[in-house]
Amino acid sequence: MSGIHASWMSKCYAVSVDYDSSKVRQQLTQQFLRMGQQLLRLCLLEARRLIWLAGMMFAVIFALYHFEFPFGYVLSSSSSFSAGKVSLVPNSHSHSGDSPSKSEVVGNMTISISSNSPSTFFTQERANWTSEGRDRNPENASVSDRSESSSMNSSPNATSPPVVNKNISTPIVNSNISTLESERTKTFDINENSRKSQKYLTPSGNNSYPNRVPKLNKGLEMPDSSAVSISEMNGLLLQNRASYRSMAPRWSAVVDRELLNAKSLIENAPIIKNYPNIYAPLYRNFSMFKRSYELMEETLKVYVYREGEKPVLHQPRLNGIYASEGWFMKLLEANKKFLTRNPRKAHLFYLPFSSQMLEETLYIANSHSFDNLKQYLKNYLNLITAKYPFWNRTGGADHFLVACHDWAPTETNQLMANCIRALCNADVKGGFVLGKDVSLPETLVRSFRSPLRDLGGKPPSQRSILAFFAGSMHGYVRPILLQHWENKDPDMKIFGRMPKSKGNKNYIRHMKNSKYCICAKGYEVNSPRVVEAIFYECVPVIISDNFVPPFFEVLNWDSFAVFILEKDIPNLKSILLSIPEKRYLEMQMGVKKVQKHFLWHAKPEKYDIFHLVLHSVWYNRLHLISLR
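Residues numbered from 1 in each chain as written. Predicted model: local features only at pLDDT ≥ 70, side-chain atom pairs only at ≥ 80, totals over all residues. Heavy atoms only, no water.

Per an unreviewed UniProt entry, the chain goes by Probable glycosyltransferase At5g03795 isoform X2 and derives from Juglans regia. As stated in UniProt under Subcellular location (unreviewed entry), the record for the chain gives "Golgi apparatus membrane". Among the UniProt annotations of the chain, the heading Sequence similarities (unreviewed entry) holds the following wording: "Belongs to the glycosyltransferase 47 family." (UniProt positions renumbered as here; feature names shortened; annotations may be inferred.)

Structural data, given as structure tokens:
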């Protein structure tokens, strides 16, 4: 009996153990399942977080590439151009542009050595695009009040807000600008009627990512402490000449050898000490200038693209403060000496668009965006690069544009940055490349039928006013000027807007009676007062940090003008009085001698402004040419 009981107990114990083991396994299995579910939920949660984080990072990067920072900087992908080009980093309170790849300090300024374009920065200081108004803002860009006094109005055509022409079209072609290497041997029918081959499309109106422009502080802003002085610009010019080179041609051409031969002849020009009607101190090197000018007349051929529709292309505006671009276009397209119908014989290619007409025709009021203006130029460039091989041969280095509107640097700073750009808004910290780009004189033309009306002024002995300025309070420099000098000194005739007078006689009379004419910047560095002062034989006093004066590569501006840093406005009178009388008389004579370089003629004359603009483009191209 005891044996049976022991056997039964043993079996019960085994069953119990088996039951307990099964229960433990079930518990463990459930525990593992719960842990697995928790781990899965955790993984899913972390995956969502990672996806959300990646999305946020992408959004931030996307925003950085398409929006301005609060203080005006912009990050954008730059076009691919030749390496080793020098540009200047814009100051923090006024300019914006692409982030440079490298930088180094020269003197008291930062220089960007970009591996892509020579200048991808653009000026977007563009303060206060609000209801307070500005003469060159998007809402009222055609009004010329910024840089002239109240008596200096532009043509009637330029006084009304721009109207967007809904019918204007831009050419559409393959967006790939690169031309295949085989194009070097391809035959192009350049004499065909280009309009037959053009297809058009309305400019892109997608302004989803407009350039946001910060408002200007209504208080008086302090001038930039890192201003580039005129002497530093001289050094930068030499430095850029030594270091900057345009893209080597993709295939060689006869025109390249002709340019190199001209360059050699200029560099070895015979020294000239005396020459009739020429005042040598006005020039950096008169011997080289004279030889270069002669070779330009003998050699230079320019091809003007026929493609493009009016009014943006081939329709010059001859009145107002932007008249320089219109006069140059008109005179070049009618010129028989420099033009060629065979682009293979051309040393330079002209892009015949008007920056003023581009803005007046296409800018969308209150949009604060340049997108559709840039798109129009991009489509135009795509058209000529698809039809011709010449842009692609040099990367655009032998092409040039002449543009006076304030927005021209912004509109051209990417696709056309490799071109030689003749710009009125020549801001050395806003993307203007010394030695490549040309500072275009901003000339106020009141009557295109009589551009030389009222030329000249009184002799020095009859100029009773020490210094004169009158104009609207645009930008931060002019309010500072008036704060220190308006109604403070009888010798200093410093005003705001002058009362209107018939024919601007009051304003002109003050110019003709002043020893020094103050050329204070407005919203941008350029001002038509510089040329006006020369026009009325008044020594210009330029108060505009970082402004590259016209024809800087040729003229010695220190010989006939005074440059005063913005921070020195409180010392304006003492600086002018410290100039000896003999020195003033030399400068005033220099103004009279250099005047011929700043005059428009219905039929161009030797050494006039038309020829000097063309010469500066030619001269810079010679210095930057590269060989294959």
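Enquirer: What is the right way to look at the overall build of the chain in this model?
Expert: Along the backbone of the chain there are 15 helices and 17 strands. Across the 628 residues of the chain, 55% fall into the buried class. Partitioning the contacts of the chain with sequence separation of at least 6, the portion at a separation of at least 24 is 76%. As displayed, the chain offers around 27,300 Å² of accessible surface, 56% of which is attributable to carbon and sulfur atoms. (Helix = DSSP H or I, 4+ residues; strand = E, 2+ residues; numbered from the N terminus. Buried < 20%, exposed > 50% of the residue type's maximum accessible area, 1.4 Å probe, protein only. Contact = heavy atoms within 4.5 Å. Areas by Shrake-Rupley, 256 points an atom, 1.4 Å probe, with all protein chains shown as cover.)

Enquirer: Any chance you could explain helix α3 (residues 254–267) here in plain terms?
Expert: An α-helical turn contains 3.6 residues, so a residue and the one three or four places further along point in the same direction. Its 14 residues give α3 an end-to-end C-alpha distance of 20 Å, which sits within 8% of 20 Å, the value for a rise of 1.5 Å per residue. What α3 keeps buried is the set Val 255, Asp 256, Leu 259, Ala 262, Lys 263 and Ile 266. For α3, the angular spread of the buried residues around the axis is 125°, confining them to a single face. (Expected span 1.5 Å × (residues − 1). Arc of directions from axis to C-beta.)

Enquirer: Got a minute to help me understand the state of the cysteines in this structure?
Expert: Disulfide: a covalent bond connecting the sulfur atoms of a pair of cysteines. A full pass over the atoms with the stated rule returns 2 disulfides. Two residues share a disulfide in this structure: Cys 404 and Cys 424, whose sulfurs sit 2.1 Å from each other. Across the S-S bond of Cys 404 and Cys 424 the torsion is about -95°, and the bridge reads as left-handed. Highlighted residues: Cys 404 in the loop between β10 (399–403) and α9 (408–412) and Cys 424 in the loop between β11 (420–423) and β12 (438–439), separated in sequence by 20 residues. (Disulfide = S-S within 2.5 Å.)

Enquirer: In this structure, what is going on with the packing of helix α5 (residues 323–333) against helix α15 (residues 609–624)? I would like to understand it.
Expert: In helix packing, the relevant descriptors are the interaxial angle and the interaxial distance, both defined with respect to the helix axes. Two elements in contact, α5 and α15, have axes whose closest approach is 10 Å; the angle formed by their N-to-C orientations is 85°. Between α5 and α15, the angle is such that the two are roughly perpendicular. The segment α5 lies against α15, with Phe 328, Leu 331 and Leu 332 engaging Phe 610, Val 613 and Leu 614. Along the lines of polarity and charge, the residues of the contact of α5 with α15 split into 6 nonpolar, no polar and no charged. (Axes fitted to C-alpha atoms, helices over the stretch in contact; angles between N-to-C directions. Parallel < 35°, antiparallel > 145°, perpendicular 65-115°, else oblique. Nonpolar A, V, L, I, M, F, W, Y, C, P; charged D, E, K, R; others polar.)

Enquirer: How should I be thinking about the sheet that holds strand β15 (residues 514–520) in this particular structure?
Expert: Consider a sheet: its strands pair through backbone hydrogen bonds, and that pairing is either parallel or antiparallel. Strand order in the open sheet made by the 5 strands is β14-β13-β15-β16-β17, with parallel pairing throughout. Every other strand in the sheet has two partners, leaving β14 (492–494) and β17 (562–563) as the edge strands with one partner each. (Pairing = 2+ DSSP bridges.)

Enquirer: In this structure, what is going on with the packing of aromatic side chains? I would like to understand it.
Expert: The geometry of an aromatic ring pair is captured by the separation of the ring centres together with the interplanar angle, meaning the angle of the planes. By the definition in use, this model includes 27 aromatic pairs. Between the aromatic rings of Tyr 303 and Phe 349, the centroid separation amounts to 6.1 Å while the plane-to-plane angle is 65°, which identifies the pairing as edge-to-face. Of this pair, Tyr 303 sits in strand β8 (residues 302–304) while Phe 349 sits in strand β9 (residues 348–350); the two residues are 46 residues apart in sequence, bridging distant segments of the chain. The burial state of Tyr 303 is the same as that of Phe 349; both residues are buried. These aromatic residues form a ring-pair network of at least three members: Tyr 275, Tyr 283, Phe 286, Phe 289, Tyr 293 and Tyr 607. Of note, Lys 330 hangs over the ring of Trp 327, and the distance from its end group to the ring centre comes to 5.8 Å. Here the basic side chain of Lys 515 rests over the ring of Tyr 584, its NZ or CZ set 5.7 Å away from the ring centre. (Phe/Tyr/Trp six-rings, centres within 6.5 Å; stacked < 30°, edge-to-face > 60°. Lys NZ or Arg CZ within 6 Å of the ring centre and 35° of its normal.)

Enquirer: Just to check I follow, could you spell out the side chain of Lys 387 for this structure?
Expert: Turning to its location among the elements, Lys 387 is positioned in helix α7 (residues 371–387). Here Glu 307 takes part through its side chain, which lies 2.9 Å from a polar atom of the side chain of Lys 387. (Polar contact = N/O pair within 3.5 Å; in protein donor to acceptor, adjacent residues only side chain to side chain.)

Enquirer: Sorry, what's going on with the pattern of salt bridges here?
Expert: Two side chains carrying opposite charge are able to pair once their charged atoms lie near each other. Summed over all chains, the structure comprises 14 salt bridges. Between Arg 393 and Asp 256 there is a salt bridge whose closest N-O contact spans 2.9 Å. With Arg 393 in helix α8 (residues 390–394) and Asp 256 in helix α3, the pair connects residues that are 137 residues apart, well separated along the chain. Across this residue pair, the class does not change: Arg 393 and Asp 256 are buried. Among the ionic pairs, Lys 567 bridges to Asp 568, the shortest N-O distance being 3.5 Å. Residue class for Lys 567 comes out exposed when judged on its relative accessible area of 54%. By sharing partners, the salt bridges in this structure join Lys 290, Arg 291 and Glu 294 into a single network. (Salt bridge = Lys/Arg side-chain N within 4 Å of Asp/Glu carboxyl O.)

Enquirer: For this particular structure, what's the right way to read α7?
Expert: With 17 residues, α7 should cover 24 Å at 1.5 Å per step; its first-to-last C-alpha distance of 24 Å lies within 8% of that length. Across the 17 residues of α7, 13 count as buried, placing the element largely inside the fold.

Enquirer: Explain the sheet that holds β11 here, please?
Expert: Pairing in this open sheet of 5 strands is parallel, and the strands run β8-β9-β10-β11-β12 from one edge to the other. Of all the strands in the sheet, the pair left with one neighbour each is β8 and β12. Both β9 and β10 contribute to a ladder of 2 bridges, which runs parallel. When the bridges of β10 are listed, Tyr 350 appears paired with Phe 400.

Enquirer: Is there a simple way to think about the environment of Val 548 in this case?
Expert: Topologically, Val 548 is positioned in the loop between β16 (539–543) and β17. Measuring from C-alpha to C-alpha, the distance between Val 548 and Val 433 comes to 9.8 Å, with 115 residues separating the pair along the chain. Excluding its chain neighbours within four sequence positions, the residues that come into contact with Val 548 are Met 233, Ala 426, Val 428, Phe 432, Leu 434 and Ser 439.

Enquirer: Just checking my understanding: could you explain the nonpolar core for this structure?
Expert: It is characteristic of soluble globular proteins that their nonpolar side chains tend to be buried jointly. If you look at the biggest cluster of nonpolar residues, it comprises 103 residues, and the most contacted ones within it are Phe 328, Phe 400, Tyr 516, Ile 518, Leu 572 and Trp 618. No other element matches the 9 residues that α15 contributes to this core. In this structure, Leu 572 is in contact with Leu 481, Trp 485, Met 492, Ile 518, Val 541, Ile 543 and Ile 564, ignoring residues within four places of it in sequence. Among the nonpolar cores identified, the runner-up in size contains 39 residues, and Val 312, Phe 390, Leu 423 and Val 428 belong to it. (Core = buried A, V, L, I, M, F, W, Y, C linked by side-chain atoms within 4.5 Å.)

Enquirer: Looking at this model, I keep getting lost on the environment of His 405. Mind explaining?
Expert: Locating His 405 in the fold gives a position in the loop between β10 and α9. For the pair formed by His 405 and Ser 355, sequence separation is 50 residues and the distance between their alpha carbons is 5.6 Å.

Enquirer: Could you clarify how one ought to interpret unusual backbone geometry in this entry?
Expert: Glycine aside, residues mostly have negative phi, and peptide bonds are mostly found in the trans state. Following Lys 310, the chain continues to Pro 311 via a peptide bond in cis, the omega torsion being 5°. Even without being a glycine, Phe 551 presents a positive backbone phi close to 55°. Counting through the fold element by element, Phe 551 comes out in the loop between β16 and β17.

Enquirer: Just to check I follow, could you spell out the side chain of His 597 for this structure?
Expert: Structurally, His 597 can be placed in the loop between α14 (581–594) and α15. Of the polar contacts made by the side chain of His 597, one reaches the side chain of Tyr 283; its length is 2.7 Å. Side-chain polar atoms of His 597 contact the backbone oxygen of Tyr 607, separated by 2.7 Å. Other than its neighbours up to four places away in sequence, His 597 contacts Tyr 283, Phe 551, Leu 555, Tyr 607, Asp 608, Ile 609 and Leu 612.

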